[in-house]
Structures are given as structure tokens and as C-alpha cells.
Amino acid sequence: MEQPLTKKEQTRNRILDAAGQGFRSQGYAGIGVDGIAKAAGVTSGAFYAHFGSKDAAFQEALIAGLDEVIAEVPIFQRKSGLSWVVDFADYYLGRPHRDDLACGCAMTTLTPEMARASKELRKIYELKMSEIADIFAEGLADGSKTNRLGRAWAMLAVLTGGLNITRAVDTSDIANYIADSLKKTVAQIAGKTRDLNEQ
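Residues numbered from 1 in each chain as written. Predicted model: local features only at pLDDT ≥ 70, side-chain atom pairs only at ≥ 80, totals over all residues. Heavy atoms only, no water.

Quick look at the packing of helix α4 (residues 54–80) against helix α8 (residues 119–138)
The relative placement of two packed helices is expressed as an angle between their axes plus a distance between the axes. Here α4 crosses α8 at 5°, and the two axes come no closer than 10 Å. Of the possible angle classes, the one that applies to α4 and α8 is roughly parallel. On α8, the residues that touch F58, Q59, L62, I63, L66, D67, V69, I70, V73, P74 and Q77 of α4 are E120, L121, I124, Y125, K128, M129, E131, I132, I135 and F136. The residue makeup of the contact of α4 with α8, split by class, is 15 nonpolar, two polar and four charged. (Axes fitted to C-alpha atoms, helices over the stretch in contact; angles between N-to-C directions. Helix = DSSP H or I, 4+ residues; strand = E, 2+ residues; numbered from the N terminus. Parallel < 35°, antiparallel > 145°, perpendicular 65-115°, else oblique. Contact = heavy atoms within 4.5 Å. Nonpolar A, V, L, I, M, F, W, Y, C, P; charged D, E, K, R; others polar.)

Focus: the state of the cysteines
With the rule as written, the count across this model stands at zero disulfides. Cysteine C103 shares no disulfide, and the gap to the nearest cysteine sulfur, in C105, comes to 12 Å. In this structure C105 comes out as buried when scored by relative accessible area, which is 10%. (Disulfide = S-S within 2.5 Å. Buried < 20%, exposed > 50% of the residue type's maximum accessible area, 1.4 Å probe, protein only.)

Things to note about the side chain of T193
Here T193 lies in the segment after α10 (172–190). Here T193 falls in the buried class, since its relative accessible area comes to 15%. A distance of 2.6 Å separates a polar side-chain atom of T193 from the backbone oxygen of L82. In contact with T193, other than residues within four places in its own chain, are L82, W84, V85, G139, L140 and A141. (Polar contact = N/O pair within 3.5 Å; in protein donor to acceptor, adjacent residues only side chain to side chain.)

Some points on the packing of aromatic side chains
Remark: the centre distance and the inter-plane angle together describe each pair of aromatic rings, the angle taken between the planes. One pass over the full model with this rule turns up 12 aromatic pairs. Relative to F58, the ring of Y28 has its centre 5.4 Å away and its plane inclined at 90°; by these criteria the two rings are edge-to-face. Placement of Y28 in the loop between α1 (7–26) and α2 (33–40) and of F58 in helix α4 is noted, with a sequence separation of 30 residues between them. A centroid spacing of 6.4 Å and a plane angle of 75° characterise the contact between Y91 and Y92, whose relative ring orientation is edge-to-face. Classification of Y91 by relative accessible area gives partly exposed; the value is 42%. Here the aromatic cluster, defined as three or more aromatic residues joined through ring pairs, consists of F76, W84, F88, Y91, Y92 and F136. Lying over the aromatic face of Y28, K54 brings its terminal NZ or CZ to 4.1 Å of the ring centre. (Phe/Tyr/Trp six-rings, centres within 6.5 Å; stacked < 30°, edge-to-face > 60°. Lys NZ or Arg CZ within 6 Å of the ring centre and 35° of its normal.)

Thoughts on the nonpolar core
Residues F23, M107, I132 and F136 are the most contacted members of the largest nonpolar core, which totals 55 residues. Beyond its immediate stretch of four places on either side in the chain, M107 contacts L66, V69, Y92, M129, I132, L156 and T160. (Core = buried A, V, L, I, M, F, W, Y, C linked by side-chain atoms within 4.5 Å.)

Thoughts on α1
In a regular helix each residue adds 1.5 Å, so 20 residues correspond to 28 Å; α1 covers 28 Å between its end C-alpha atoms and thus fits that length. Those residues of α1 hidden inside the fold are in contact with α2, α3 (44–51), α4 and α7 (106–110). After α1 finishes, the residue G27 shows a positive phi value of roughly 80°. (Expected span 1.5 Å × (residues − 1).)

Printed below as a string of C-alpha cells:
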């Protein structure tokens, strides 16, 4: 039986949630410690007591965000069976997810920050994204392991890059057209899928 979180742990989680949503919606440069603390309902001093720096909070938010994907994609795969790629693309490129920057996927919102990140943080990102690619590849059929992994990376690139483009354009009809086109592309890249419930 899990022990209930202490008040300190609850506060830390609240700050981390606020940091994750702030970084996703406004970018690393767009929000400061004071803004994160205010959103979490704590003082800036409390923020520093828990994380020490904005960089440390960003690292924790990145890890937490990518761990969400690592935990949720296998659930999605098993729930949807053979149609998991189509269903995932529909969700990922769909209007509700597209419009929700703060609570949207960390793969899309935080990836652009990695080009300016430290070597240490890029390594963490690489390891987490590689784990996600492996999970995608596990749900693909046909071809060698290397081939399936290559298709998985291509799918991730289309999904994350494509979602950024749909968010960047101003006209909703164009965004929808791009999203629909990308959904077809993702399905083509994936090819045949595996029903992981049959393992």
C-alpha cells in the first residue's frame, strides 16, 4: 500500500506541475521562477528550496514530461490494438491536443529547447526519446528490428514536427489540412502494426 505524500512532497509536485505547464506553454525563456512560483501558489523562496534553480526545474519537468509519454504509449497501444498508430495520430494531431500547449505532450513543446540545452540535458533527452522510439518500434510489424526502429523515429519526427507546424499557422483550416495529411503519412511510415495484447 502506497504511503500518502507528505506536505513537502505535495508542494514539490505542485511546483513541478506548474513548471512543466509553464515551460510547455511559454518556453524556457518565456517564464521565470516568480511566474512558476505564482502558478504553484508558493513563494519564490519555496521554489528555490525545492529545486535550487530554474535549470534544475526545467530538467525535472523534461524528465517528468517524457516519462508520461513512456508510461502512456504502451497503454494506448494495448487499448487500440492493431489500430494504435491511426488512433494515436488522430489524438496527437487532433484539435484538442493541438490547442492545449500547457498540458500537451512534452515531446513537441520541449524538443525545440534542446538545441540550446547543455550536453547533459541533451543526453537525458536522447535517452528518454530513444526509449519512446523503442516503444513505438515494438508496436510495428514486418522488417528487421533496425528497420522498425527507423520507422519509429520517422513517425516521431513527423508527429512532433507536424504538431509544431499546425500550432504555428494562423488559419484553422490550414492547420486541419496539415494534420490530416500528416496522419496519413504517419500511417504510411508505420506500415503493418502489431497487436501487443497477443504477446
